[in-house]
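# Results of the structural survey
Residue-level listing of the chains:
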Amino acid sequence: MIGQRRLILEPREVPLGGVRGMNVLRALPHRNLPTIGAWCFLDRFGPADTKMRVEPHPHIGLQTVTWPLVGEIRHRDSLGSDADLRRGQLNLMTAGNGISHSEYSIGDGPVPLDALQFWVVLPDSARHGAPGFERHTALPALAIPADEGADAEATVVLGEFAGVRSPATVHTPIVGAEIVLSPGSRVHLPLRSGWEHALMLVEGDAVVAEHPLERNGLLYLGDSRDGVEVSSDEGALLFLLGGEPFEDEIVMWWNFAGRTHEEIVAARDAWEAESSAAAEPARFGIVGGHDIRIPAPPLPDVQLMPRGRRI
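Values in this document were obtained by computation on a predicted structure and should not be read as measured data.

What the protein contains, in helices and strands, is two helices and 26 strands. Radius of gyration (C-alpha) of the protein: 19 Å, near the 19 Å computed for a compact globule of 311 residues. Counting only C-alpha atoms, the protein reaches 65 × 45 × 30 Å along its principal axes. The burial tally for the protein puts 55% of its 311 residues in the buried class. Within the protein, counting contacts between residues at least 6 apart in sequence, those at least 24 apart form 73% of the total. Only carbon and sulfur atoms are counted for the fraction: they give 49% of the accessible area of the protein, which is about 12800 Å². Mean positive and mean negative side-chain charge positions of the protein (27 and 42 charges, respectively) differ by 3 Å.

The structure is reproduced here in structure tokens:
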């Protein structure tokens, strides 16, 4: 057991290839905490008026979870999927042994855009399997009774929360849920005591476990909690993520999640080889409607080492 913690994971601004003029903030992975449950990556891109053009790029060993807040995003992948995504809907892409995809904002010019992008690391039982894509336009919601003020509402995006399960495919015990609090509300969020959890304040104001949150701040709560008190003066939009602690050490580099340096090198070599005009794409396939791919960055001069939690 990890035990109850209260640790703020401050987001850091990072460049994101293919996106211009956007504010991209990354809260996960953290140096001392590479995963929360099986969640291994959390970006917020926006809010901004921008023309988003993320050309085809590869993934292995993870699922991508796209949760739009404002605007629409077009997803295309090497399985032939072509789906427009908007508020309240979920795109879930499972990379398995290899997939490639692109993400574009809809329209020819800058548009308002804001979204959360998550990755979920896959366990050994799924990470070498076939890729897949799911689009869910209706997700289950539930009311959370308030101790004060109006009831809060939760949308279960991934996994299970308070006995309500998302239809999206998962491979580890996990929770991802959007929580909306009305102004002046105080609620008790039920949690699984054997899972670890964190809460991100997306908009508004919130106090979690007597700790005020900053916008885009991620409060890590550890495990051993069967619930947590959350309140808001002006109203809040939060995202709850967590799950059974993921015990494997992982190697994350670029868009890949593996277990060894050699796995990452093999995936990079395959992507670069398939990018050649003379190559026959096999592992990562072709995303229709594109003439270019994002090239892989150079590998560092040192061995990529597996990372586990240090807290």
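So much for the structure itself; the text now carries on.
For the bond from L28 to P29, the omega torsion is 0°, close enough to zero to count as cis. Here the residue pair G46 and P47 is connected by a cis peptide bond, since its omega of 0° sits within 30 degrees of zero. Tracing the backbone through its elements, the reader meets P47 in strand β4 (residues 39-50). Of note, E210 is a non-glycine position whose phi angle comes to about 65°, a positive value. Even without being glycine, N216 reaches a positive phi, approximately 70°. Relative to the elements of secondary structure, N216 occurs in the loop between β21 (211-212) and β22 (218-222).

Time to look at the pairing of β4. Among the twelve residues in β4, ten count as buried, and that is most of the element. In the sheet, strand β3 (residues 24-28) pairs with β4 via four bridges, with the strands oriented antiparallel. Note that in β4 the partner of V24 across the bridge is F45. Pairing between β4 and strand β11 (residues 111-121): nine bridges, direction antiparallel.

So, on to the pairing of strand β15 (residues 152-161). Burial analysis of β15 places nine of its ten residues in the buried class, the great majority of the element. As judged from the four bridges shared by strand β13 (residues 141-144) and β15, these two strands associate in the antiparallel manner. Looking at the pairing, L142 lines up with A154 of β15. Note: β15 against strand β17 (residues 174-181), six bridges, orientation antiparallel. Bridged to T155 within β17 is E178.

The strand order across the open sheet built from four strands is β5-β10-β7-β8, with neighbouring strands paired in antiparallel fashion. Strands at the two margins of the open sheet, each flanked by one partner only, are β5 (53-59) and β8 (82-85). Averaged over all neighbouring strand pairs, the angle between strand axes comes to 20°, with direction disregarded. Both β5 and strand β10 (residues 99-105) contribute to a ladder of five bridges, which runs antiparallel.

Let us now look at the pattern of salt bridges. Any two side chains of opposite charge can pair, given that their charged atoms come close. Here the structure, examined in full by the defined rule, presents 14 salt bridges. Salt-bridge contacts for D114 lead to R44; the nearest nitrogen and oxygen are separated by 2.7 Å. Residue D114 is located in strand β11, and its partner R44 is located in strand β4; the two are separated by 70 residues in the primary sequence. Residue D114 shares its accessibility class with R44, and that shared class is buried. E148 is paired through a salt bridge with R186; the nearest N and O atoms lie 4.0 Å apart. Linking E148 in strand β14 (residues 146-148) with R186 in strand β18 (residues 185-190), this pair joins segments that are 38 residues apart in sequence. By relative accessible area, which is 46% here, E148 ends up partly exposed. Classification of R186 by relative accessible area gives partly exposed; the value is 33%.

Attention now goes to the nonpolar core. Residues W39, V65, W67, L116 and L218 are the most contacted members of the largest nonpolar core, which totals 37 residues. At five residues, the largest contribution of residues to this core is made by β11. Contact partners of V65, with chain neighbours within four places excluded, come to W39, L90, N91, L92, L116, Q117, F118, V120, V157 and L158. Among the nonpolar cores identified, the runner-up in size contains 27 residues, and A152, A177, I179 and L199 belong to it.

Take G288: it is sitting in the segment after α2 (261-274). Sequence spacing of G288 and P56 is 232 residues, and the spatial spacing of their C-alpha atoms is 9.4 Å.

A separate point is a positive patch on the surface. Together, R12, R31, R307 and R310 give the surface a local cluster of positive charge. Its place among the elements puts R31 in the loop between β3 and β4. Take R31: its relative accessible area is 61%, and that puts it in the exposed class.

Bringing the sheet that holds strand β20 (residues 207-208) into the picture now. With respect to topology, five strands assemble into an open sheet ordered β14-β18-β23-β20-β21, the strand pairing being antiparallel. Of all strands in the sheet, those bounded by a partner on one side alone are β14 and β21. Across two bridges, the pairing between β20 and β21 is antiparallel. Pairing of V208 across the sheet is with H211, part of β21.

Rules used in this analysis
Residues numbered from 1 in each chain as written. Predicted model: local features only at pLDDT ≥ 70, side-chain atom pairs only at ≥ 80, totals over all residues. Heavy atoms only, no water. Helix = DSSP H or I, 4+ residues; strand = E, 2+ residues; numbered from the N terminus. Rg over C-alpha atoms; globule rule 2.2 N^0.38 Å. Buried < 20%, exposed > 50% of the residue type's maximum accessible area, 1.4 Å probe, protein only. Contact = heavy atoms within 4.5 Å. Areas by Shrake-Rupley, 256 points an atom, 1.4 Å probe, with all protein chains shown as cover. Lys, Arg positive; Asp, Glu negative; His and termini not counted. Charge placed at Lys NZ, Arg CZ, Asp CG, Glu CD. Pairing = 2+ DSSP bridges. Axes fitted to C-alpha atoms, helices over the stretch in contact; angles between N-to-C directions. Salt bridge = Lys/Arg side-chain N within 4 Å of Asp/Glu carboxyl O. Core = buried A, V, L, I, M, F, W, Y, C linked by side-chain atoms within 4.5 Å. Patch = residues over 30% accessible without salt bridge, like charges linked within 9 Å, V, L, I, M, F, W, Y side chains within 5 Å.

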